[in-house]
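Single-letter residue listing:
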Amino acid sequence: RAVAMSVSHSSRLNKLVREQYMKLPQDGPVQVTYVWIDGSGEGVRCKSRTLEKEPKSIKDVPEWNFDGSSTAQAEGSNSDMFLVPVRMFRDPFCLDPNKLVLCEVLKYNRKPAETNLRHTCKKVMDLVKDSHPWFGMEQEYTLLGINGHPYGWPDNGFPGPQGPYYCGVGADKVYGRDIVESHYKACLYAGVKICGTNAEVMPSQWEFQVGPCEGIEMGDHLWMARFILHRVCEDFGVVATLDPKPMTGNWNGAGCHTNYSTEEMRKEGGLKHIEAAIEKLSKRHDYHICVYDPRGGRDNSRRLTGHHETSNIFEFSAGVANRGASIRIPRQVGQDGYGYFEDRRPAANCDPYAVTEAIMRTTVLNETGVETKDYADH
């Protein structure tokens, strides 16, 4: 007897019928889909409009607006919010010449919305641009059926213990590879700097990596990769969750490990600069934990237990090739004497703008304590 998988009704629509319309020529006008972060700081929203001709750069895409009272970003009595285009990608769903456009959100008074963390991140990245910071972020996520249960897991029970699933192959070891490969291809088509993917330790959990990206580019590319992931999952009728601990018990959580280097760390003798940066991070652990998930560390406290390849949320640690440490120096970097290091603390649902900004404030701008400086006037 066939087992009914928990997928959405929309995914069961006849996709061949859709394909018939997707093949129709456009002859000039293009569809532009505006993408933004909503009031939760985790969700993405989108809507589309027609432009008379294909935009060649982000400057060709006009500002727009939306109803902020419906995205938890404004009151109904003053609900218009501005969408300010910041980065453009090819559209892997409607295909060329159509575009996906990532936007910042501004309030009625042109000040950044509360969940627009790109605004201050961009200021910081402009300040530290001479250090040429490179980032690579490893986005873990879990596939769920529409019923909220991990996709492919038994309806009344659990799969076998962790062990055979990480980088696994075979129908009894990995669930949902079609989604993962479709997402990868869609990101490549869009121009997102996706650089890899693998099945993770918990069954139906996966990871993709984005980078190396310099400065503000990191947050832009990861947010668009997330949007594309949710959009691909919609087509397949399942849900991708970025919850840092989607299943309680003896299962791995989900993080967003952040690899980082400056130009001086990547040069001969860079290890001393890596160690100096780690020393600065060690003295500001509480501040980083607060910004490494959207709830000031509460989400991460479910994940950073000191078990399941994590450090303890209350303790800072660093080590070569140590996946149980806050900061891991890859073994190759230790041998070469230069390269990068990995901050393993950010949660899967972190805002990459907040994470990369915090790292730069601490390691390059030499901020200390839990307060941040306002560089608006400099």
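Analysis parameters
- Residues numbered from 1 in each chain as written.
- Predicted model: local features only at pLDDT ≥ 70, side-chain atom pairs only at ≥ 80, totals over all residues.
- Heavy atoms only, no water.
- UniProt positions renumbered as here; feature names shortened; annotations may be inferred.
- Pairing = 2+ DSSP bridges.
- Helix = DSSP H or I, 4+ residues; strand = E, 2+ residues; numbered from the N terminus.
- Axes fitted to C-alpha atoms, helices over the stretch in contact; angles between N-to-C directions.
- Contact = heavy atoms within 4.5 Å.
- Salt bridge = Lys/Arg side-chain N within 4 Å of Asp/Glu carboxyl O.
- Buried < 20%, exposed > 50% of the residue type's maximum accessible area, 1.4 Å probe, protein only.

As recorded in an unreviewed UniProt entry, the protein chain goes by Glutamine synthetase and comes from Brachypteracias leptosomus. You can read under Catalytic activity (unreviewed entry) in the UniProt record for the protein chain the words "L-glutamate + NH4(+) + ATP = L-glutamine + ADP + phosphate + H(+)".

This part takes up the sheet that holds strand S2 (residues 44–51). Strand order in the open sheet formed by five strands is S2-S1-S5-S4-S3, and the pairing between neighbours is mixed. Every other strand in the sheet has two partners, leaving S2 and strand S3 (64–67) as the edge strands with one partner each. Neighbour to neighbour, the strand axes of the sheet diverge by 40° on average, direction disregarded. Strand direction decides the pairing type here: strand S4 (residues 80–90) and strand S5 (residues 99–106), joined by eight bridges, are antiparallel. Opposite Met88, over in S5, you have Val101 as the bridge partner. Contacting strand S1 (30–37), S2, S4 and S5, helix H4 (residues 217–236) crosses the sheet at an angle of about 115° to S5.

Take the pattern of salt bridges next. Summed over all chains, the structure comprises 24 salt bridges. Between Arg302 and Asp243 there is a salt bridge, with its nearest N and O atoms 3.0 Å apart. With Arg302 in the loop between helix H7 (298–301) and strand S11 (318–320) and Asp243 in the loop between strand S9 (239–241) and strand S10 (256–261), the pair connects residues that are 59 residues apart, well separated along the chain. For Asp243, a relative accessible area of 25% gives the class partly exposed. Shared partners join several salt bridges into a network, and the residues in it are Glu42, Asp243, Arg295, Asp299 and Arg302.

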